[in-house]
Amino acid sequence: MRKFVIFLLALCSFGYFNAFGQKGYRIEVKIDGLTEGELLLGYHFGEKKYVKDTAKVNSNGVAIFEGDTLLPGGIYLVILPEKNYFEVLVDKNQQFSAFTKKDNLLENLEFKNSSINKGFIDYQRFMIEMQKQSKELSEQLKEALSDSVKSEEIRQKMNALNDKVMAYWDDIESKYKGTLLASIIRAMRNVDVPKHNIPPDSPKHDSLVWAHNYNFYRHHYFDNIDFSDARLLRTPILESKINSYFDRVLLPLPDSIIPAAFDLIEKARANKEMFQYVLSTLTNKFQTSDRMGMDGVFVAIAEKYYLAGQAWWADQKLIDKIAERVKAIKPNIIGNIAPDLWLPNPNSKYFRLSDIKAKITVVYFWDPECSHCKKETPKLKTVYEKFKDKGFEVYAVYTQGDQPKWMEYIEKNQLPWINVWDPTRSSNFRNLYDIYATPVIYVLDKNKKILAKRISVETLEKILAEELNK
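Everything numeric here is computed off the predicted structure, so don't read it as measured data.

Enquirer: Could you give me a rundown of the overall build of the protein chain, with the residues and numbers involved?
Expert: Counting its regular elements, the protein chain contains 13 helices and 16 strands. Relative to the 2.2 N^0.38 estimate, which gives 23 Å for 470 residues, the radius of gyration of the protein chain is 29 Å and therefore markedly larger than a compact globule would have. On the principal axes, the C-alpha backbone points of the protein chain span a range of 85 × 60 × 40 Å. Relative to its 470 residues, the protein chain shows a buried fraction of 47%. Nonlocal contacts in the protein chain, meaning residues at least 24 apart in sequence, comprise 65% of its contacts between residues at least 6 apart. Where the 67 positive side-chain charges of the protein chain centre and where its 62 negative ones centre are 2 Å apart.

Rendered as structure tokens:
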């Protein structure tokens, strides 16, 4: 039994007559064993679920969802009062009925006047059985790893099972061509990488094969997605594919991800709703990413599309907010030269960041009253003592204005690096380095180019071990 948290969102739909001569939708649901309460008609939108309609259940277990305008196509959910649910496809024909029993919803589900939902439920049952068999074979393989003959037999059975699934998918695409069901099946397929012709005795053979496969996936990963088909937005498939592409397929480097993001956004121009969704999804994904360097991807997308006036749905308030974040992030993107600082130590001696002669410099923004800083600062001191003789320096910027407390902490804890602060609040370090909380670590190379930022001391130690032992 599947359950989910309900999100509410108003959905605009457009009234029109479809190929069946319908105007509006009418979905009748009968659930044996349910005689009261309310059913919800939800729908997928990316990886979230929202509610579109409600219908009361009569004493016969019947509830009717209906409206004057057609629903946008997609995978919808009929949600029971206990929040368990079953899925239905909403496509061109929106006048159909469904019957099931309160217990074992999927096993008892039947449809009337909807051939694609009959195909959809058959598909779900088939895949449940295939997954069951696949799991059994996987368990058998684990037990037979020491027996090469038996292991090979099991692998052949697994390949045969995969071939059976692919043949079933082929049959669905052919039988339901042009429908949402066929579009869903095609979208779920992985692209087939063409065979390479790299000789097995080639130098760095494995690396060449990897590069061949990576480059193909990089350019063809979305070949089975029809970006003109907005129905796919109301399924969990597209967002899952997008996340998999950027999180697991591409190299986690801005130089790889930015052009790939642009390519995907341009593909989405095939449909206005699709374009809005893809652009909004990628903007949010990289603006909120915890992965280092992805804020640079956000800046690139924001400047090319939002700040260039291509996001027609964005009001001025949103544009101003995005522009503000771009302004804060852009000076400190990884790969840029770090903004220079010229600040005094407790004895009023000034130190310029760009004048520090070190292979690696850390700019450490901190506050002795910050609870997290109290944990991280001693760790940083240990790392500093370990690497200081190998070309490592710390430029520690106190972010507050209580000089006595700051000096007391430095003296008590014997902080040996360059300690500075901004008593006149004239350096603009908060904006230059996007400092809104502490502690924050920036890692700079000998030319003061930003190598990493907003990392833990543990990650810093790994970077130093690699960079200072070259």
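That covers the picture; the talk isn't over yet.
Enquirer: Outline a nonpolar patch on the surface, supporting the account with residue identities and numerical values.
Expert: Taken together, the side chains of Trp210, Leu251 and Leu253 define a hydrophobic patch exposed on the protein surface, amounting to about 290 Å² of accessible area. For Leu253, the position within the fold is in the loop between helix 5 (237-249) and helix 6 (254-267).

Enquirer: Go over the pattern of salt bridges with me, naming the residues and quoting the values.
Expert: Note that side chains of opposite charge can pair when their charged atoms are close. One pass over the structure, following the stated rule, counts 21 salt bridges. A salt bridge links Glu28 to Arg26; the shortest N-O distance between them is 3.2 Å. Of the charged contacts in the structure, one is a salt bridge between Glu173 and Arg189, with a shortest N-O distance of 2.7 Å. One end of the pair, Glu173, is in helix 2 (residues 148-175); the other, Arg189, is in the loop between helix 3 (180-188) and helix 4 (205-220), with 16 residues separating them in the sequence. Within the structure, one salt-bridge network assembled from shared partners comprises Asp91, Asp229 and Arg231.

Enquirer: Could you give me a rundown of the pairing of strand 6 (residues 74-79), with the residues and numbers involved?
Expert: Most of strand 6 is tucked away, with six of its six residues classed as buried. Summarising the sheet, strand 3 (residues 38-45) and strand 6 pair through four bridges and their orientation is antiparallel. Counterpart to Leu41 in the pairing with strand 6 is Val78.

Enquirer: Help me get a handle on the confidence of the model for the protein chain, residues and values and all.
Expert: Summing up the model confidence of the protein chain, the mean pLDDT is 92 and the portion of residues at 70 or higher is 95%. In this model, residues 1-20 is a region of pLDDT below 50 whose contacts with residues beyond four sequence positions or in other chains number 49 contacts.

Enquirer: Which residues make up the packing of aromatic side chains, and what values go with them?
Expert: Going through the model one piece at a time under the given rule, you end up with 33 aromatic pairs. Where Tyr245 meets Phe246, the ring centres are 5.0 Å apart and the plane angle is 75°; that geometry is what we call edge-to-face. Put simply, the rings of Tyr217, Tyr221, Phe222, Phe227, Tyr245, Phe246 and Phe286 pair up and form one aromatic cluster. For the cation-ring pair, Lys241 lies above Tyr221, with the distance from its terminal atom to the ring centre recorded as 4.9 Å.

Enquirer: Please provide a residue-by-residue account of the environment of Lys175, values included.
Expert: Its place among the elements puts Lys175 in helix 2. Here the alpha-carbon distance between Lys175 and Val51, two residues 124 residues apart in the chain, equals 31 Å.

Enquirer: Which residues make up the sheet that holds strand 16 (residues 450-453), and what are the values?
Expert: A sheet is described by the order of its strands in space; here five strands give the open sequence 14-13-12-15-16, paired in mixed fashion. Two strands close off the open sheet at either side, each with one partner strand: strand 14 (418-421) and strand 16. Sheet twist, expressed as the mean angle between neighbouring strand axes with direction ignored, is 20°. Where strand 15 (residues 440-444) and strand 16 come together, three bridges link them in antiparallel fashion. From the neighbouring strand, Leu444 faces strand 16, where its bridge partner is Ile450. Its contacts with the sheet put helix 11 (residues 403-413) on strand 12 (360-366), strand 13 (392-398) and strand 14, and the angle it makes with strand 14 is roughly 170°.

What counts and what doesn't
- Residues numbered from 1 in each chain as written.
- Predicted model: local features only at pLDDT ≥ 70, side-chain atom pairs only at ≥ 80, totals over all residues.
- Heavy atoms only, no water.
- Helix = DSSP H or I, 4+ residues; strand = E, 2+ residues; numbered from the N terminus.
- Rg over C-alpha atoms; globule rule 2.2 N^0.38 Å.
- Buried < 20%, exposed > 50% of the residue type's maximum accessible area, 1.4 Å probe, protein only.
- Contact = heavy atoms within 4.5 Å.
- Lys, Arg positive; Asp, Glu negative; His and termini not counted.
- Charge placed at Lys NZ, Arg CZ, Asp CG, Glu CD.
- Patch = residues over 30% accessible without salt bridge, like charges linked within 9 Å, V, L, I, M, F, W, Y side chains within 5 Å.
- Areas by Shrake-Rupley, 256 points an atom, 1.4 Å probe, with all protein chains shown as cover.
- Salt bridge = Lys/Arg side-chain N within 4 Å of Asp/Glu carboxyl O.
- Pairing = 2+ DSSP bridges.
- pLDDT = per-residue confidence, 0-100.
- Phe/Tyr/Trp six-rings, centres within 6.5 Å; stacked < 30°, edge-to-face > 60°.
- Lys NZ or Arg CZ within 6 Å of the ring centre and 35° of its normal.
- Axes fitted to C-alpha atoms, helices over the stretch in contact; angles between N-to-C directions.

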